[in-house]
Amino acid sequence: MNKNLDISLKCALEKEFSWINDFENPYAGYAFSSQFKSNMESIIPRAGFTYVSIGNKRIRKALLAALIALLAIAITGCAFTVHYVVEWNEKQNDAQGTLDVSFELSGESPSAPRDMFLPSTPQGYVITDQYSDDFSYTITYSNPQGHEILCSISNDIENMSISLDNEGASFEKTTINGQKGYAYSKDGINALFWADSIYFYELQGNCEMDTLLTMAGSMAGI
Amino acid sequence: MLTLYLTLIDAEEDKIKFIKLYEQYRHLMFYIAQKILHDEHLSEDAVQESFLRIAKNFHKIGQILCPETRNFTVIITRNVAITMINHSNSNATTDFYVESALTNPSEDVFEAVSNKLLTESILKLPEIYRDSLYLYHLYGYTFNEISNLLSISVESAKKRVQRARRILKDLLEKEGYRHE
């Protein structure tokens, strides 16, 4: 928590919208269309939907009841096995000149839950920043030559997406620690992306690709 | 490991509260949308979409008649309208994943400057980044919730907040502040 940032954001918000306090809305008497009113009638009840929170997701109570019922059937009568691998859904976005990738979990599960392995610090570098929250762990490394490397590990694969500017970039699909990934280079920035069934990994920096590959190798675990 | 907890919402109370929000702010939201879109049909679509997103994330709305809630509706409507106009201009805001500036500023940077300078710098941020900071730091929304409110991926929500901090640090440095 940063007190000064929070106070300043509050001041900025008040200042930015202070004009509304004495504002005479030219559309105060605007008559919304019948279509709009009709659509709003279907939107209003959604504010009253009953939700339950599971971790960081919110789902409707009725859906949760159905899921619990299915779970109960599975536990009492059926073999119940979680199966998942990461599927990379790739789509070339010609309008933006990017490759857009989203992820889904399906398939065969690993034999045991996997710990998160942080990379070894490359020679000549020191850790200059670390950040973690419920979803990700980020480390920044720097060296005296002005090179920086960012390592980011996220555990929310299904809600992630990446958008790679692949115009004029060097880009290839590769395998990193036995998992599918990408190796990417553009304008002096090199990057590696890969995912196992639990985490999404990212290493990027204005350093040599070999440095990133060595760091990635150190994250394979034992 | 899943943590299961129940949050029960009184459906009827929330519907009444939402209707109050709708009646109080729909014209203001229409004005905001119209300023950006200059088209009454599109502005109605933007207002409708904004209310839909707010309805899906209604659990954190406090009092209806307060500047905080009023400003929140403006932020959401503004973002919806800008997204609509960017899509129609084939100029959608895209969170490019790889950038040349990589550092995520330490929180000490913002503690060391004056409130006045920091406030002025915040107001210079592009709206999409400034709004992400408002939603995350002031309104207390998680990245998941911000992704639902702004119809972006969770990763993009995280990146916007990180990028906002980075740009803010750059603005402070241009004003002559240096963090050792």
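Rules and cut-offs
Once a new chain begins, its residue numbering starts again from 1 and follows that chain's sequence as written. Chain A is the first chain written and ligand 1 is the first ligand written, with later ones labelled in order. Where totals are concerned, whole chains, interfaces and linings use all residues; where local detail is concerned, this predicted model gives features only for residues with pLDDT of at least 70, and gives and counts side-chain atom pairs only at 80 or more. pLDDT measures how confident the predictor is about each residue, on a scale from 0 to 100. Helix and strand definitions here come from DSSP, where helices need a minimum of 4 consecutive H or I residues and strands a minimum of 2 consecutive E residues; each element is numbered from the N-terminal end. Contact between residues is assigned whenever the C-beta positions, reconstructed from backbone atoms, fall within 7 Å. Buried residues are those with 20 or more other C-beta atoms within 10 Å of their own C-beta, exposed residues have 12 or fewer, and partly exposed residues lie in between; C-beta atoms are placed from the backbone. Interaxial angles span 0 to 180 degrees and are taken between N-to-C directions of axes, which are lines fitted to C-alpha atoms, for helices over the stretch in contact. Orientation is classified from the angle alone, with under 35 degrees giving roughly parallel, over 145 giving roughly antiparallel, 65 to 115 giving roughly perpendicular, and any other angle giving oblique. In this scheme the handedness of a crossing depends on how the near helix is turned from the far one: anticlockwise by less than a right angle means left-handed, clockwise means right-handed. Charged means Asp, Glu, Lys or Arg here, nonpolar means Ala, Val, Leu, Ile, Met, Phe, Trp, Tyr, Cys or Pro, and polar covers whatever is left, Gly included. Put simply, a nonpolar core is buried Ala, Val, Leu, Ile, Met, Phe, Trp, Tyr and Cys residues tied into one set by C-beta atoms within 7 Å. The rule for pairing is simple: two strands pair if DSSP sees at least two bridges between them.

Participant: Describe the confidence of the model for chain A, listing the residues and the values that go with them.
Facilitator: Keep in mind that low pLDDT regions are not for reading the predicted coordinates in detail. Residue and element names in this part refer to chain A. Predicted confidence across chain A gives a mean pLDDT of 79, with 76% of residues reaching 70 or more. The secondary structure element of chain A with the lowest average pLDDT is strand S1 (residues 51-54), at 58, and the one with the highest is helix H1 (residues 3-16), at 92. In the predicted structure, residues 78-83 sits below a pLDDT of 50 and forms seven contacts with residues beyond four places in sequence or in another chain.

Participant: Tell me about unusual backbone geometry, and please be specific about residues and values.
Facilitator: Look at Asp187 of chain A: it is not a glycine, yet its phi comes out positive at around 50°. Position of Asp187 of chain A among the secondary structure elements: in the loop between strand S10 (179-186) and strand S11 (189-195). Despite not being glycine, Ser151 of chain B shows a phi value in the positive range, around 55°. Looking at the element boundaries, Ser151 of chain B is found in the loop between helix H7 (143-150) and helix H8 (154-174). Note on Ser151 of chain B: 12 C-beta atoms within 10 Å, which makes it exposed.

Participant: Any chance you could break down the packing of helix H5 (residues 115-124) of chain B against H8 of chain B for me, citing the residues and the numbers?
Facilitator: Residue and element names in this part refer to chain B. The contact between H5 and H8 brings their axes to 9 Å, and the two run at 120°. Relative to H8, the element H5 is oriented oblique. Note on packing geometry: the crossing formed by H5 with H8 is right-handed. Across the interface between the two elements, Leu117, Ser121, Ile122 and Lys124 from H5 touch Leu168, Leu171 and Leu172 from H8. Looking at the contact of H5 with H8 residue by residue, the classes come out as five nonpolar, one polar and one charged.

Participant: Tell me about the nonpolar core, and name the residues and values.
Facilitator: Judged by nonpolar contacts, the single largest core of 50 residues is most densely connected at Leu9 of chain A together with Ala33 and Ile146 of chain B. It is helix H1 (residues 11-37) of chain B that contributes the most residues to this core, ten residues altogether. Judged by nonpolar contacts, the second largest core, of 28 residues, contains Cys151, Ala191, Tyr201 and Leu212 of chain A.

Participant: Which residues make up the sheet that holds strand S3 (residues 85-93) of chain A, and what values do they have?
Facilitator: Residues and elements named next belong to chain A. The strand order across the open sheet formed by three strands is S3-S4-S8, and the pairing between neighbours is antiparallel. Sheet topology places S3 and strand S8 (161-165) at the edges, where each strand pairs with a single neighbour. Each neighbouring strand pair of the sheet contributes to a mean axis angle of 25°, computed without reference to strand direction. Pairing analysis gives five bridges linking strand S4 (residues 98-106) to S8, with the strands arranged antiparallel. Looking across to S8, one finds that Thr98 is bridged to Asp165.

Participant: Mind laying out the sheet that holds strand S5 (residues 126-132) of chain A, listing which residues take part and the relevant values?
Facilitator: Residue and element names in this part refer to chain A. Taken in spatial order, the seven strands of this open sheet run S5-S6-S7-S12-S11-S10-S9, and their pairing is antiparallel. Unpaired on one side and paired on the other, S5 and strand S9 (170-176) mark the two borders of the sheet. The mean angle between the axes of side-by-side strands here comes to 15°, regardless of whether they run parallel or antiparallel. Two strands pair when backbone bridges link them, and S11 and strand S12 (residues 200-205) are joined in this way by six bridges, in the antiparallel orientation. Residue Asn190 lies in a different strand from S12, and its bridge partner there is Gly205.

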